[in-house]
Every structure is written in C-alpha cells, then in structure tokens.
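Structural description and commentary
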Amino acid sequence: MSNGWNHQFGVIDTIYEEEPEFSSTSSSPSLSPPSFSSSPPLLHSTISAWSLSSGHQTDLLLRVQGTCFRLHKDRIISRSSYLKRHLTNLTEFTLSPPLNITPHTFAAIAEFCYSSRVHLTPNNVAAIRTAAGLLGMTDSRGYDGENLCHVAESYFNRIVGIDQEYASVVLRSCMGLLPEAETTASLVSRCIEALVWDDYDGHDIDATCLNVVVEIRPQDFQSVVDSINARLPHHDVLYRMIDLYFKENKNGKLTEEQKSQLCNSIDCTKLSPRVLMECVQNPRVPLRFIVRAMLVEHLNTRRSIAVAAAASGGNQQDERESLGDILRRDSARRQTAQLKEAMDSTCSRIQSLEKELNGMRKILLDHHAADAEQQERKLNALNSERSASFHVMPAAAEERKIGRGGRGSVSSSALMYDGESGTPRMTKSLRQRLMSGLKNAFHRKSL
C-alpha cells in the first residue's frame, strides 16, 4: 500500500508490510505443541516487548486454526468480552467454529489488544470487523474512546462511501465470511447499497455486485435481502437482485418455498409502476408474488384514475377558458384512458391465470377419475372370473356324474345340463335318434 493511501484512509502503523507464512516450528517448545505453528514474527516482537516493559511473561496459549498465540491474558480479556467470559481460570483455549476467524485476522486483533494499532485495507476490513463483532470488542473504556469495532466500522464507511471499486473489493472479501459478515454487521447488504446508491431503478447495478450475488448460498442470500429490505427506501434494486438470483444462481435449483421466502422480502408498494408490470409478466417468480403485484398495481391504477377524474371532472368549461386549460384537461382525459387500459390489461392477466389454474385442476381431476375407472374395471373383471369358475366347476362335475348313468335311462343318457345356463340339454345320441325317427316318419308319409 502506498503512503498516500495510508494517510488518506487513516491506516495506523503497519504490523507487517507483507503477510509472511507462519513458522512451522514453535518458538517455545514448552507451550506450543509440535503440530501447531507459532504467531507471526512481528507480533511476537510486540508481545516480547510488552513482557519486558511489564515484567510479566505470557500466561495464555490461544490456538486459531492450527496456529498458536502465546499472549498475556489480561491484555486479551480487557478488549474482548467474549474471551473474558471463556478464559476464566483457563491457560489454554481454542477459537473454533462458529467463530470464522483466521490466524492472519487474529494476529491483527492481538496487535490491537497490545498497541491499539491495526493495519486496515479494503481486503481485510471485512474480516477484522466481523471478528471484532464476534469477539465482542466494543468496550472503549480506558482506551481513548477507541475499540476495534468502532475503528473498523469507521474505516469501512470511509472507503465504501468514496469509490465503488473499494466497495466491490470489500463485497468480494465478504463471501468467505458469510453468514457472520451479514449477521454481525450487515456488511454485504451495505456494500450492495453503496454500489447501487445512485440508481434505485436497478438498471445498475455494478457487474461485481451481480457476479457476487449469484454465488451466495440461498440461506445467506435470504439474510442479505432481509437486511436490504429494511435499508432501501425503494425496492426496484431488491427485485432485480432476486430475479437475477432466480435466473443465474450457482447453488442449484431453488425450491418454490425458497423462492417465496425471498420474494416476501420485496414490498410491492415500494416498486415503481414499470417494475410492477415486469413482476406481473415474470415467469420466474412465484404465482403468489405475481398476484400480490397485480393487486398493488390495481390499487395504484384506481388511485390514479380517481385523482385524474377529480382534476378534470369538476371543472366547468366557459368562454374564458384558456388554451392551456383545454390542453391540460385533454391530457388528463388521455391519462385516464391509458390508466383504464392498463387496469383492463391487469384484470385480463388475472383472468388468464385463473383459467390456467382451472385447466390444471381439471386435468388433475380427469386423471384421477380415469385411474379410478381403470381400477374399477380391473376389479369387476376379477370378480367375473371368480364367479364363472364357481359356476362352471360344479356343472362340469354334474355332467360327468349324469354321463355315468344307465344307457336306457332318459335322465342319464338323453339329458345333459348346460354348464353356463344350468338348463338341461340333449346328448348327441338322443338327437340322432330323434332325427332318424323324424326322417322315417316323413318317408312313410310320402309313401
């Protein structure tokens, strides 16, 4: 960083010019296990100088993602309410999730605890501001009115408000800090607000802002839009962000419930008429949100018609009416006609959606009815098969029984029973004898 930029943004003494790799060996074998590296050399020098000036050795081993920091407990707990609660009667402690704090970030925090100095840049201010909030570094008593939250917050406001390029850098650095960056300090939503501050219609939105938005996870994006909902006086930008997220998000397909929750953050009464019309015709947003936008548009149209009618209907034209009055009256009438046309278009859209819903409902009902009819036919066929087998089997047995009777008996040899109808029928031999008898009778008669 140049000295000019340091003076411009109030960067206080640099802890280290570059960010060196942490040592892989411990400076104190008695306190630092071999599996952990030690604190950065420059911070180690600051701590050693404090030990010499105060006459007290370090009495706390604090681990952060594999890095050991040998510190003075009283210096740390005097700045952090979180560590003060957790370090009571402890000489070793590990900062673990959900605290999203890296060793580089904690090194800057530890330096502030000792010297009230911190090296802030657009690349690290979000991490330090988030960590300060998580560690409760808000107490400024006895430290010239300075605490790390206040220092980082002041720097953030200065650089984000000066140039959109800085806001883009900070916004990008927040991506690895979600959701804490938003829940602790609303950093993401505030960067987005700075990027779109000059155009609430949303036709800009900074390219970095758009690229970052589509990378946010749905649960984190919900926190961002909830915060923007309360911060922006107009919601055109919020609508365009959510619509872009529906279209191009890189975290998989959103469920209808997730879409509805995101759209609930949009206040339709804070949308411009042009954006309201876009909402009504947008196939990506949930139907419930479309209906809500239609209702708001309908109310706005009725209100405009009433205002136009009141402005033109109560005036009586007389001979002294000027040309300007005539033109204004005609303009009001044309505006009324246009508003009526827009209202008719909205009502037509609502009716079209209702027809689509009714058609979908009818298709579902017909589908269920066809399934039920098919099941009923299968059941009837099965019952018919069972009934037929019940009748045929006894009849066949009876036919076999009669067939075994005496040959001279009419009941045994001349009659058989039909298996389907159950009625008696003649056997083949009986039919032959009858036919032969009839032929002989006709032959004698012809003789």
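Look above for the structure.
Only a predicted model underlies this, so the values are computations on that prediction, with no experimental measurement involved.

Each value, and the rule that gives it
- Residues numbered from 1 in each chain as written.
- Predicted model: local features only at pLDDT ≥ 70, side-chain atom pairs only at ≥ 80, totals over all residues.
- Heavy atoms only, no water.
- Axes fitted to C-alpha atoms, helices over the stretch in contact; angles between N-to-C directions.
- Helix = DSSP H or I, 4+ residues; strand = E, 2+ residues; numbered from the N terminus.
- Parallel < 35°, antiparallel > 145°, perpendicular 65-115°, else oblique.
- Left-handed = near helix turned anticlockwise from the far one by under 90°.
- Contact = heavy atoms within 4.5 Å.
- Nonpolar A, V, L, I, M, F, W, Y, C, P; charged D, E, K, R; others polar.
- Buried < 20%, exposed > 50% of the residue type's maximum accessible area, 1.4 Å probe, protein only.
- Polar contact = N/O pair within 3.5 Å; in protein donor to acceptor, adjacent residues only side chain to side chain.
- Patch = residues over 30% accessible without salt bridge, like charges linked within 9 Å, V, L, I, M, F, W, Y side chains within 5 Å.
- Areas by Shrake-Rupley, 256 points an atom, 1.4 Å probe, with all protein chains shown as cover.
- Salt bridge = Lys/Arg side-chain N within 4 Å of Asp/Glu carboxyl O.
- Pairing = 2+ DSSP bridges.

Points about the packing of helix 2 (residues 41–54) against helix 5 (residues 103–115)
- Two elements in contact, helix 2 and helix 5, have axes whose closest approach is 10 Å; the angle formed by their N-to-C orientations is 25°. Here helix 2 lies roughly parallel to helix 5, going by the angle between them. The two elements helix 2 and helix 5 cross, and the hand of that crossing is left-handed. When helix 2 is examined against helix 5, the residues Leu43, Thr46, Ile47 and Trp50 are found in contact with a partner set consisting of Ala107, Ala110, Glu111 and Tyr114.
- Split into classes, the residues belonging to the contact of helix 2 with helix 5 amount to 6 nonpolar, 1 polar and 1 charged.

So, the side chain of Asn282
- With respect to the helices and strands, Asn282 occurs in the loop between helix 15 (273–280) and helix 16 (287–313).
- Relative accessible area serves as the criterion here: at 5%, Asn282 is assigned to the buried category.
- Looking at Asn282, its side chain comes within polar contact range of the side chain of Asp243, at 2.9 Å.
- Polar contacts involving the side chain of Asn282 include one to the main-chain amide nitrogen of Arg284, which spans 2.9 Å.

A few points about a nonpolar patch on the surface
- Taken together, the side chains of Leu287, Val291, Leu295, Leu357 and Met360 present a nonpolar region at the surface, about 420 Å² in accessible area.
- Elements with a minimum of two residues in the nonpolar patch: helix 16 and helix 17 (323–403).
- Residue Leu287 is classed as partly exposed on the basis of its relative accessible area, which comes to 35%.

Some points on the pairing of strand 3 (residues 92–95)
- Every second residue of strand 3 is oriented toward a common face, the buried set being Phe93 and Leu95 and the non-buried set Glu92 and Thr94.
- Sheet analysis places strand 1 (residues 60–64) next to strand 3, joined by 4 bridges and oriented parallel. Opposite Leu61, over in strand 3, you have Glu92 as the bridge partner.

What to know about the environment of Lys84
- Following the sequence through the fold, Lys84 ends up in helix 4 (residues 81–86).
- For Lys84, a relative accessible area of 52% translates into the label exposed.
- Considered as a pair, Lys84 and Lys73 are 11 residues apart in the sequence and their alpha carbons are 8.9 Å apart.

Overview of the packing of helix 7 (residues 148–162) against helix 10 (residues 187–195)
- Following both chains from N to C, one finds helix 7 and helix 10 inclined at 25°, their axes separated by 10 Å at the closest point. Taken together, the axes of helix 7 and helix 10 lie roughly parallel to each other. Crossing hand, helix 7 versus helix 10: right-handed. Contacts between helix 7 and helix 10 involve Glu153, Phe156, Asn157 and Val160 on the former and, on the latter, Leu187, Arg190, Cys191 and Ala194.
- Split into classes, the residues belonging to the contact of helix 7 with helix 10 amount to 5 nonpolar, 1 polar and 2 charged.

Regarding the sheet that holds strand 2 (residues 67–71)
- Strands sit in the order 2-1-3 across an open sheet of 3 strands; the sheet is mixed. The sheet terminates laterally at strand 2 and strand 3, the two strands that pair on one side only. Within this sheet the neighbouring strands show an average axis-to-axis angle of 25°, counted without direction.

A look at helix 10
- Burial within helix 10 is extensive, with 8 of its 9 residues counted as buried.
- Of all the residues in helix 10, the buried ones are Leu187, Val188, Ser189, Arg190, Cys191, Ile192, Glu193 and Leu195.

Concerning the pattern of salt bridges
- Tallied over the entire structure, the rule returns 11 salt bridges.
- A salt bridge links Glu278 to Arg240, with the nearest nitrogen and oxygen atoms 3.1 Å apart. A residue pair is termed long-range when its members are at least 10 positions apart, and Glu278 in helix 15 and Arg240 in helix 13 (residues 236–248) qualify at 38 residues.
- Classification of Arg240 by relative accessible area gives buried; the value is 16%.

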